[in-house]
Every structure is written in structure tokens, then in C-alpha cells.
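Report on the structure
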Amino acid sequence: MALENGQYVRMKIAPDTRIGTIEGSEVQRGRTMYIFRQDPRLKEAVPGGPLVEIFVSEDEVEPCERPTDEYWKTVNYLIERGS
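Report on the accompanying structure. (Residues numbered from 1 in each chain as written. Predicted model: local features only at pLDDT ≥ 70, side-chain atom pairs only at ≥ 80, totals over all residues. Heavy atoms only, no water.)

Topic: the environment of P63
The topology assignment puts P63 in strand β5 (residues 61-63). Along the backbone, P63 and L42 are 21 residues apart, and their C-alpha atoms lie at a distance of 18 Å. (Helix = DSSP H or I, 4+ residues; strand = E, 2+ residues; numbered from the N terminus.)

Things to note about the nonpolar core
Judged by nonpolar contacts, L3, V9, M11, I22, Y34, F36, V56 and V61 together constitute the single largest core of eight residues. Where this core is concerned, the elements lending two or more residues are β1 (8-11) and β3 (31-38). Here V56 is in contact with M11, M33, Y34, F36 and V61, once residues within four sequence places are set aside. Within the second largest apolar cluster, six residues are counted, among which are Y8, L42, W72 and V75. (Core = buried A, V, L, I, M, F, W, Y, C linked by side-chain atoms within 4.5 Å. Buried < 20%, exposed > 50% of the residue type's maximum accessible area, 1.4 Å probe, protein only. Contact = heavy atoms within 4.5 Å.)

The following block contains the structure:
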């Protein structure tokens, strides 16, 4: 499966919170790696902290629909409540 720029994906290890978009790709050691950018609507433990942008392989993510604002509102509420 080839991932496309702007496509929403979720990381398999944290599918409820690590949702974002593919923002490019590059070949590293003969393997295509994709730039994953965390959806900015997720509040992190450090407000105003750095934007999460990491390289991931196709094996680490799966395509998904763009989460709604209501979804992120609920997730952020649960994060705040847990701290």
C-alpha cells in the first residue's frame, strides 16, 4: 500500500491518539519511510510544545478517516482528567 501526502493515518501502537497525516516520504536504506505529522488538535502534556513529526514505515500505520473535532474534544478531556 502506498500512502499519499495529506492522507490520514493512525499509528498501530496508539490508534486512539496517534492520528495524523502523511506529509511526504523518502527512501532510507532501500525502504520507503513516510513523514507522519500528529493532528494538531491533540493536546500534548506540554502545551505549545513541538509539533510531532516522525518517520514511520507502512507497517506502523493504517489509513483512517479524519477524526472529528468532537472526537478530539473527548480525547483531550480524558487526557486533562487523567493528569
